[in-house]
Every structure is written in structure tokens, then in C-alpha cells.
Amino acid sequence: MPAISRRKFIKSSAVHATATGLHSTAAFDLFANPLGLPIGCQTWAVKEMIAKDFPGTLKMLAATGFQSIELCSPVGYAEYGFAGLAKYTGAELRKILADAGITCVSSHFGIKELRDNQEARIAWAKDIGLTQMIVPSLDGPKNPTMDDVKRAADEYNKMGELSAKAGIQQGLHNEVFELSTVDGKRTYDLLLELLDPKLVKFQFQVSTISQGFDAADYFTRYPGRFFSIHVQGWSAQTKKIVPVGQDTLDWKKIFTAAKVAGIKNYFVEMNLEMMKASVPYLQSLQV
């Protein structure tokens, strides 16, 4: 998720089918060229719309050209517009998605809700057909010690093991804690060493280029460790997020490296107008 918005979320939420159904052939005709995967959308960007009309929001996203979404948990993200998802059964959610011609295999969960009752969250994920459960951050201290990082990694490895037993892959995003440093070394790099490759995969936030985290570099250095991307355009001139294709990032290089990394899905995540403006470029991009 966008770094500023996500930081606010992590701070304030200290309480912090495949959901597919049937899909029309037309939906698959629009597959993006990069990676041969459907163009995805992270729903955090349209959370206010989802709070008012979830089925209608999905249909709007599909009409825009998105074929896949990543949800946010109705428990960990309740106050941000996702509480209403809890009213649907798994079958109902799958039908809503199918009616919109959209797939969903991934959702974000707050680390605290997994600490409180991971079994229940896994049950919800299984009910709607998810295969990926991702946390935005391990929520460690702002200035961690090596022991802090090791404790966080040990805890998340255990969570990854429990999810794996249920047939779900646990994943880690890169936000606040992960972007910190310990003795001059990136916490993110330490976590890549400490987290079990079989139990935990990584979801890369492309906009962290603003803090020196280069997607293609990480994908190339850590093959097999990444399975998902949050896509944002970034202008080196203005130092701002902009639509994909109207930016200064080398997307051919990023997506080529993503193949090495083992990326299984990617989700555009900016404000709605920027996301809409990004779709034509992704539809035409050839890697």
C-alpha cells in the first residue's frame, strides 16, 4: 500500500478461489503481457467505495480493466472500510467476484489479528478461497535491535508454518519496520535471511524505491523469495507517485526480474485515477 497511508494504518491499528468462481473468456482476453498475469488492483485504494458498495466497486474495477483484486481483512482493517466483508459467506463472496469477472487469491491481514486468533483468520481465508495471506509489517520497533528482528522472524515463521498446514502461503510486505536498519544493515535484508523460504514469501512495494529499495535488484538477488508486487509508478524528477507508464521506472526490467523472483501476481495500488491511467500501459507492455 502507499507508504504514507500504510504507515498511518499500522500506527493506528495497534488492534491492528482461489476466490474465483466462474469467469468469462473475455476477462482472460485482457491479460496483461507482463508475466502473462491478470492486471490486479489492491482494494485499499478504493476502501471508501467498498464500504458503501462492494459489488458495485468490483464491477467498476472490472470495467476499468482490472481482472484480479487483493482484499484487506474485515477484522484487521475493519475501521478502514472492510468490516462489511464479514457479512458475506465464502460462497457469497465468490459469487460477487464471479459476477464481476474478477479473481481473488490474496488478502492483507494485520499482524495483531493473526497473533490474536490466526486459526480463525485462516478459516476465513479458506472459506473465501484465498491461497495467500499477507501482513503489511511485522510491527517491530522503529529502531530495532538484532534481537528484535530475530524475535519478529521467529514469530512469523511459526505463523507461516500454521498457514502452510492449511495450504496457504504466508507473505510479508515491506513497510515501516521492514525499512529500518540494524547496525547499518537493512532490516528487510535480515528478514530475507531469517524467514524460512518455504514458509514465508515476500510482496514487494515498488514505491519503496523512494527509500532506495529497488524492485529489480531484490528480485534478482533473491530468486524464489518473492511472489507478489504492489505496483506504483514513481517519478525520479518530482519524487512523487505517478501512473505506471508515465514514470521513470524501467518496467520491462522490473517484470523481467520478476520472472526470476517467482512472482505469481501483482496489484496496482495508487489513487483510483492513477490506477485507471496505468491500465492501458500494462495491457500493452511486452516483456
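Residues numbered from 1 in each chain as written. Predicted model: local features only at pLDDT ≥ 70, side-chain atom pairs only at ≥ 80, totals over all residues. Heavy atoms only, no water.

A word on the packing of aromatic side chains. In the structure shown here, the tally under the stated rule is 19 aromatic pairs. Between Trp-44 and Tyr-80, the aromatic rings sit 5.4 Å apart at their centres with planes inclined by 40°, giving tilted as the arrangement. In this pair, Trp-44 is assigned in the loop between strand S1 (40-42) and helix H3 (47-52) and Tyr-80 in the loop between strand S2 (68-72) and helix H5 (90-100), connecting sequence segments 36 residues apart. Per residue, the accessibility class of Trp-44 equals that of Tyr-80, and both read buried. Ring centres of Tyr-188 and Phe-202 lie 5.6 Å apart, and the angle between their planes is 85°; this geometry places the pair in the edge-to-face category. (Phe/Tyr/Trp six-rings, centres within 6.5 Å; stacked < 30°, edge-to-face > 60°. Helix = DSSP H or I, 4+ residues; strand = E, 2+ residues; numbered from the N terminus. Buried < 20%, exposed > 50% of the residue type's maximum accessible area, 1.4 Å probe, protein only.)

With that settled, the discussion passes to the pairing of strand S5 (residues 169-172). Residues Gln-169 and Gly-171 point to one face of S5 and Gln-170 and Leu-172 to the other, with burial holding for every one of them. Examined bridge by bridge, strand S4 (residues 132-135) and S5 share four bridges and lie parallel to one another. Bridge pairing in S5 links Ile-134 to Gly-171. Handedness of the crossover is the feature at issue here: the chain leaves S4, passes through helix H7 (residues 146-165), returns alongside S5, and the resulting connection is right-handed. In the sheet, S5 pairs with strand S8 (residues 200-205) via three bridges, with the strands oriented parallel. Bridge pairing links Gly-171 to Lys-201 in S8. (Pairing = 2+ DSSP bridges. Right-handed = clockwise from strand over helix to strand, strands pointing away.)

A few words now on the sheet that holds S5. Working definition: the strands of a sheet are paired by backbone hydrogen bonds and lie parallel or antiparallel to each other. One closed barrel holds the eight strands; their spatial order is S1-S2-S3-S4-S5-S8-S9-S12, and the pairing between them is parallel. The mean inter-strand angle of the sheet, taken between neighbouring strand axes irrespective of direction, is 30°. On the sheet, helix H8 (residues 187-194) packs against S5, S8 and strand S9 (226-231) and is oriented at approximately 155° with respect to S8. (Axes fitted to C-alpha atoms, helices over the stretch in contact; angles between N-to-C directions. Contact = heavy atoms within 4.5 Å.)

Glancing now at the pattern of salt bridges. Across all of its chains, the model carries nine salt bridges by this definition. Notably, a salt bridge pairs Glu-193 with Lys-185, separated by 2.8 Å at the nearest N-O pair. The partly exposed category is assigned to Lys-185, whose relative accessible area is 35%. (Salt bridge = Lys/Arg side-chain N within 4 Å of Asp/Glu carboxyl O.)

A word on unusual backbone geometry. Keep in mind that most residues, glycine aside, have a negative phi and that most peptide bonds are trans. Not every positive phi belongs to a glycine, and Asp-139 is a case in point at roughly 65°. As for its position among the elements, Asp-139 is in the loop between S4 and H7. If you check the backbone angles, Asp-183 has positive phi at about 50° while not being a glycine. Summarising the element assignment, Asp-183 is placed in the loop between strand S6 (181-182) and strand S7 (185-186). A relative accessible area of 76% places Asp-183 in the exposed class.

This part is about the packing of helix H6 (residues 111-128) against H7. Contact geometry for H6 and H7: axes closest at 11 Å, N-to-C directions at 15°. Judged by the inter-axis angle, H6 sits roughly parallel to H7. For the pair H6 and H7, the sense of crossing is left-handed. Across the interface between the two elements, Ile-111, Leu-114, Arg-115, Gln-118, Glu-119 and Ile-122 of H6 pack against Glu-155, Tyr-156, Met-159, Leu-162 and Ser-163 of H7. Here the contact of H6 with H7 is composed, by residue class, of six nonpolar, two polar and three charged. (Parallel < 35°, antiparallel > 145°, perpendicular 65-115°, else oblique. Left-handed = near helix turned anticlockwise from the far one by under 90°. Nonpolar A, V, L, I, M, F, W, Y, C, P; charged D, E, K, R; others polar.)

The next thing to look at is helix H10 (residues 251-261). Those residues of H10 that sit buried are Trp-251, Ile-254, Phe-255, Ala-257, Ala-258 and Ala-261. Looking straight down H10, one finds its buried side chains confined to an arc of 160°; they lie on one side. Check the buried side of H10 and you find it contacts helix H9 (215-221), S9, strand S10 (233-235), strand S12 (265-268) and helix H11 (272-284). Note on H10: the residue one or two positions beyond its end, Gly-262, has a positive phi of about 95°. (Arc of directions from axis to C-beta.)

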